[in-house]
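# Remarks on the overall topology
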Amino acid sequence: MRFFYRPLFRLVPDGTRIKFMRGRFAGLMVSAVLSLASIGLFFYPGLRLGIDFKGGVVMEVRTAQPASFPALRAALAGHDLPDAGLQALGGKNEVMIRLESRANAQATDAAVARVHAALDQVSPGNQVLSTSAVGASVSAQLFRQGLMALGLSLLMILIYIWFRFEWQFAVGAVVTLLLDITKTIGFLVITRLQFDLVMVAAILTVLGYSTNDKVVVYDRMRENLRKYKSMPLRELIDMSINETLNRTLGTSMTVFLAALPLAIFGGSSIEDFAIVMLFGIVVGTSSSIFIAAPILLFLGEKRLRRDTRPAKSEDPKKVQARAR
Amino acid sequence: MLYFSRLKAAAVFGACLIGILLCLPNFWPAPKNGMPWPQIHLGLDLRGGSFLLMQVDMDAVAKEKLGSTVDQVRQDFRKSNIGYTRLAADVAANQVQIGLLDPTQRQAAITALNDLLVPPNGPGSLADFDVSGDGTNLILTLSKPAMQARATAAVTQSIEIVRRRIDSTGIVDPQIAQQGDNRIMVQLPGITDPQHIKKLLGETAHMTFHLVDESANANGGGPAPIGDAFLPMQGDPNNKIAIQQAVMVDGADLTNAQAGQDPQTGGWVVNITFDSLGSRQFADVTSANVGHPFAIVLDNEVISAPVIREAITGGSAQISGSANAQAATDLALLLRAGALPAPLTVIEEQSVGPELGADSIRAGAISLIVGFLLVIFFMAGAYGLFGWFANISLVANLIMMMGILSLIGATLTLPGMAGILLTLGMAVDANILINERVREEVKNGRSPLQALEAGYKRAYGTIIDSNVTALLAHVMLFIFGSGPVRGFAVTITVGIVTTLFTATVFARLLTSRWYVSRRPTALPV
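Position labels on residues start from 1 in each chain and follow its written sequence. To read the labels, note that chains go from A and ligands from 1, taken in the order they are written. In keeping with the model being predicted, local features are shown solely for residues with a pLDDT of at least 70 and side-chain atom pairs are shown and tallied solely at 80 or more, while totals for entire chains, interfaces and linings include all residues. Side-chain measures were taken over the full set of non-hydrogen atoms in the model, leaving aside hydrogen atoms and water.

Looking at an unreviewed UniProt entry, one finds chain B named Protein translocase subunit SecD and attributed to Acidisoma cellulosilyticum. UniProt positions are given in the numbering used here, feature names are shortened, and annotations may be inferred rather than shown by experiment. The Function (unreviewed entry) comment attached to chain B in UniProt states, word for word, "Part of the Sec protein translocase complex. Interacts with the SecYEG preprotein conducting channel. SecDF uses the proton motive force (PMF) to complete protein translocation after the ATP-dependent function of SecA." You can read under Subunit (unreviewed entry) in the UniProt record for chain B the words "Forms a complex with SecF. Part of the essential Sec protein translocation apparatus which comprises SecA, SecYEG and auxiliary proteins SecDF-YajC and YidC."

For chain A, the name recorded in an unreviewed UniProt entry is Protein-export membrane protein SecF, with Acidisoma cellulosilyticum as its organism. The UniProt entry for chain A carries this comment under Subunit (unreviewed entry): "Forms a complex with SecD. Part of the essential Sec protein translocation apparatus which comprises SecA, SecYEG and auxiliary proteins SecDF-YajC and YidC." Database annotation for chain A, UniProt heading Subcellular location (unreviewed entry): "Cell membrane".

Structure below.
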């Protein structure tokens, strides 16, 4: 019964007082370097766009025997498909075949038919598990919409936090989120994972999760700003982070544990999504502590402190906002 | 915060009960009599099937309209004796350009074209064309609103025709919907190879009957005489036939078309029956042209051009020339369903085989179970009794989520399953926030009751803030995403809403019940 009643462990021991703000320059520097490197990677070698965003044909095939890639490649070239790309899919004799975008629907159909012919020649008894073909006009639109979803989400988050907190918090959060996103893109380039609509969903989920994390820490800072009117901002931020550390790590842990099985058992289409999620959770959690907080310290050193001290010329709106 | 009136407690448990009830239909097949049976639908990626996104060719709509206008102008001018030197459609500019012989006839010409220039449904409705130009130049420009109306009508009509064609193939539970301005989405569960459907939808199937110009040589290489067109025979593009462009009978005037075999030759034919207008036209033209060939044209190809042996007055006819049973059945199907107003092009296509769908369901289910267990063990270990309260709320959350997804008839995709799992991972965040808060209050020396009260109260604002921001991101994803990704956005959005209920209200009720029955002197934090 005791097993069910009392907690068995704590992630962070009570009374932890880590001076996070000491490492603020190191944190920001590392983050800036990583993000700059990611931006560099974005331009060269660049993201590997998935079929959603680039157009073309992707076929997943299960072969009766383990497929011989050279033979398959030769057969595809023999069927006038020199542009076909091959990729092994997690065991089970599965192969992914990729074709570039064709000029029109007829050409696409013809190319798919030739893939079938080449497969039957090299590996009789094969099974085509799935076929997707996306035309160039659709992929361009999907790409636009994906970026639009990302951009508008950031904007809405900025506006929401700005309404609920002081503007310093909003700017801190959005700058941190941008740094998170650039690193995620760098991660996509390095791992050569495909950037498609599912990845946009992963990034947006990370974005929502990461904001959530920042909001909790900010919430505590705001509360402490009211409670300890004379404490230096630097100490106050450290204290707030330490107080919420158990929650920050606890929630990261549960989301991480939820995403982990997806990365292991999820199968080809969801694995990549989960891997990006896992990466994003780690980045989002650390950026709440090492990036969002220092930015707030730089932006708010004077202003946030002054605002919380009752002054004669204080804007009545702000008093009201704080009273909430 | 901890006090629940009996009514309120009953309402909370009632909500959970409704959640369970809403989940139940998923475990039984829907009844046949068509009563509403809210159920979660499996997406094509889990169920296997094909998805087609097709674009209506709007240029063809405009071209068709301009072409028929040129014919109309020719007829109107002939009737009113107005001479012209030039008459041509300029598709790029959406115009019909006319060169008049005599500039003084300009007003008479405009009057003659009255039926094109005056709004067909009286003042206030839209005229199809605007007139411009001067002197001998008369320019008719297809107006933007008229073009718009025509395009909208074309898409609506296309959807109807697509639905009829797919329905007559016997595919179960197809979904056909408009997407954007000029796109049609078709989902075909269980169809792994959509080639046949694509072929059926790829033809406009506009059938017309024409007289043949026997004096013209269609294969000589020269241009077709005015009013004629050289069209290829079906399956033999080098063999052309000179037909008169005037339509004698239109395929739209059919009431039925059935595939069959000709008892004499044994070849495959399509037997067609005309409605009263079609029958009369068909009788007129066949009785006036006995001994002459009569061309049957489908999508600018001549199917056959048999010689009329005698007047056909019964309103039924036979189209020969089908290569096999499948071709005859398809042609009959297309003729019954009607012609598309414009060609459709497939711009996106996805098909998933049933094996892959089953694999995906298995992968999703295993991930869900493992992830759920990991989260539950973590919560139990880190928060003890309150962790178990959170876990019970988590089960309630899962049930309510399924209930709401069934109620709105949502489509569950593989990313959607991932969304459910992530929601569960994030849902306990609210419980963690509350528990940490309660713990702090205990450390600050508050009594158990005060600590619980304060913990719930203070954590509340944070929970709202953090969930609203997550909600914003996923609403954007829902608006701009498509296909399976949209399923993900739906599950997460629903999950955030149910989380707000179960993690704060339901877990609080459990805590309150426990506190009232035990009256503990210390909290297990």
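## Some details on the overall build of chain B
Under the scheme used here, helices are H or I runs from DSSP no shorter than 4 residues and strands are E runs no shorter than 2 residues, and both carry numbers assigned from the N terminus. Counting secondary structure elements, chain B contains 13 helices and 19 strands. For 525 residues, the compact-globule formula gives about 24 Å, and the C-alpha radius of gyration of chain B, at 34 Å, lies well above that figure. Counting only C-alpha atoms and orienting by the principal axes, one finds that chain B spans roughly 110 × 60 × 40 Å. Remark: exposure states derive from per-residue accessible area (1.4 Å probe, protein chains only) relative to the maximum for the residue type, with buried under 20%, exposed over 50%, and partly exposed in between. The burial tally for chain B puts 50% of its 525 residues in the buried class. Residues are treated as being in contact if the distance between any of their heavy atoms lies within 4.5 Å. In chain B, the share of contacts with a sequence separation of at least 24, taken over all contacts with a separation of at least 6, comes to 68%. Surface accessibility in these figures is a Shrake-Rupley result with a 1.4 Å probe; residues are shielded only by whichever protein chains are displayed. Total accessible area computed for chain B in this model is approximately 23700 Å², and 57% of it derives from carbon and sulfur atoms. Radius of gyration: C-alpha atoms only; globule rule: 2.2 Å multiplied by the number of residues to the exponent 0.38.

## Section: the UniProt feature "domain: Protein export membrane protein SecD/SecF C-terminal" (unreviewed entry) in chain A
Cross-referencing UniProt, the feature "domain: Protein export membrane protein SecD/SecF C-terminal" (unreviewed entry) maps to residues 117-301 of chain A in the present numbering. Across residues 117-301 of chain A, helical content stands at 85% and strand content at 5%; the span's end C-alpha atoms are separated by 69 Å.

## Describing the nonpolar core
To qualify as a nonpolar core, a set must consist of buried Ala, Val, Leu, Ile, Met, Phe, Trp, Tyr and Cys residues joined through side-chain atoms within 4.5 Å. By size, the foremost hydrophobic cluster in this structure holds 114 residues, and its most contacted members are Met-221, Ile-241 and Phe-273 of chain A. Counting residues per element, this core draws most heavily on helix α8 (residues 197-227) of chain A, at 16 residues. With sequence-adjacent residues up to four places away left out, Phe-273 of chain A is seen in contact with Val-198, Met-199, Ala-201 and Ala-202 of chain A together with Ala-418, Leu-422 and Phe-488 of chain B. Among the nonpolar cores identified, the runner-up in size contains 43 residues, and Met-58, Val-70, Ala-154 and Val-346 of chain B belong to it.

## Observations regarding the confidence of the model for chain A
As a per-residue quantity, pLDDT reports the predictor's confidence and falls between 0 and 100. Chain-level statistics for chain A give a pLDDT mean of 86 and a share of 91% at 70 or above. Counting contacts from residues 307-324 of chain A, a segment whose pLDDT is below 50, to residues more than four positions away or on other chains yields 15 contacts.

## Some details on helix α4 (residues 69-78) of chain A
Residues and elements named next belong to chain A. The set of residues buried in α4 consists of Leu-72, Ala-75 and Leu-76. Here the buried residues of α4 occupy an arc of 100° about the axis, which is enough to place them on one side. Exposed side chains of α4 directed beyond 90 degrees from the buried face belong to Pro-70 and Gly-78. Against β3 (85-89), β4 (94-99) and α5 (105-122) lie the buried residues of α4. Looking at where α4 begins, the residue whose side-chain oxygen comes 3.2 Å from the main-chain nitrogen of Ala-71 is Ser-68. Asp-80, located one to two residues past α4, shows a positive phi value of around 65°. Comment: arc refers to directions from the helix axis out to C-beta atoms. Any pair of N or O atoms that falls within 3.5 Å is considered a polar contact. Within protein, one atom must be able to donate a hydrogen and the other to accept it, and sequence-neighbouring residues count only if both atoms are side-chain atoms.

## Topic: empty space enclosed by the protein
In this analysis, the protein atoms alone were mapped onto a 1 Å grid. Cavities are point sets where a 1.4 Å probe fits without being able to get out; pockets are open sets with protein on both sides within 12 Å along at least five of seven lines; lining residues have an atom within 4 Å of a point. Grid points are joined across faces, edges and corners, and a volume is the space filled by probe spheres set on the points. What the rule picks out here adds up to six cavities of 30 Å³ or more. In this structure, the largest cavity spans a volume of roughly 110 Å³. Every residue lining the largest cavity is listed: Asn-212 of chain A together with Leu-422, Thr-423, Met-426, Ala-427, Asn-467, Ala-470, His-474, Ile-492, Ile-496 and Thr-499 of chain B. With four residues, helix α11 (residues 414-443) of chain B is the single largest residue contributor to the lining of the largest cavity. Polar here means any residue outside two lists: the nonpolar Ala, Val, Leu, Ile, Met, Phe, Trp, Tyr, Cys and Pro, and the charged Asp, Glu, Lys and Arg; Gly therefore counts as polar. Taken together, the residues that form the lining of the largest cavity break down as six nonpolar, five polar and no charged.

## Some words on a nonpolar patch on the surface
All names here are of chain A. Nonpolar side chains collect at one region of the surface, where Met-148, Leu-152, Leu-155, Ile-159, Trp-162, Phe-163, Trp-167, Val-171 and Val-175 lie side by side and expose about 830 Å² of accessible area between them. When contributions to the nonpolar patch are tallied by element, the ones reaching two or more residues are α6 (136-164) and α7 (167-191). If you tally residues by element for the nonpolar patch, the top one is α6, at six residues. With a relative accessible area of 44%, Leu-155 lands in the partly exposed category. Patch rule: a residue counts if its relative accessible area is over 30% and it has no salt bridge; like charges are joined within 9 Å, and nonpolar side chains (Val, Leu, Ile, Met, Phe, Trp, Tyr) within 5 Å. The salt bridge definition used is simple: a Lys or Arg side-chain nitrogen within 4 Å of an Asp or Glu carboxyl oxygen.

## Comments concerning the UniProt feature "domain: Protein export membrane protein SecD/SecF C-terminal" (unreviewed entry) in chain B
Taking the UniProt record as the reference, the feature "domain: Protein export membrane protein SecD/SecF C-terminal" (unreviewed entry) is found at residues 345-507 of chain B. Secondary structure content for residues 345-507 of chain B is 87% helix and 6% strand, while the C-alpha to C-alpha distance between its ends is 54 Å.

## Here's the deal with the pattern of salt bridges
Inspection of every chain in the model, using the stated rule, returns 26 salt bridges over all chains. Among the ionic pairs, Glu-436 of chain B bridges to Arg-10 of chain A, the shortest N-O distance being 3.0 Å. Separated into two different chains, Glu-436 of chain B in helix α11 and Arg-10 of chain A in the loop between α1 (2-5) and α2 (24-46) make up a pair that spans both. Judged by its relative accessible area of 7%, Glu-436 of chain B falls in the buried class. Measuring nitrogen to oxygen at the nearest pair gives 2.5 Å for the salt bridge that ties Arg-437 of chain B to Glu-223 of chain A. Of this pair, Arg-437 of chain B sits in helix α11 while Glu-223 of chain A sits in helix α8, which puts the two residues in different chains. The exposure classification of Arg-437 of chain B matches that of Glu-223 of chain A, with both residues buried.

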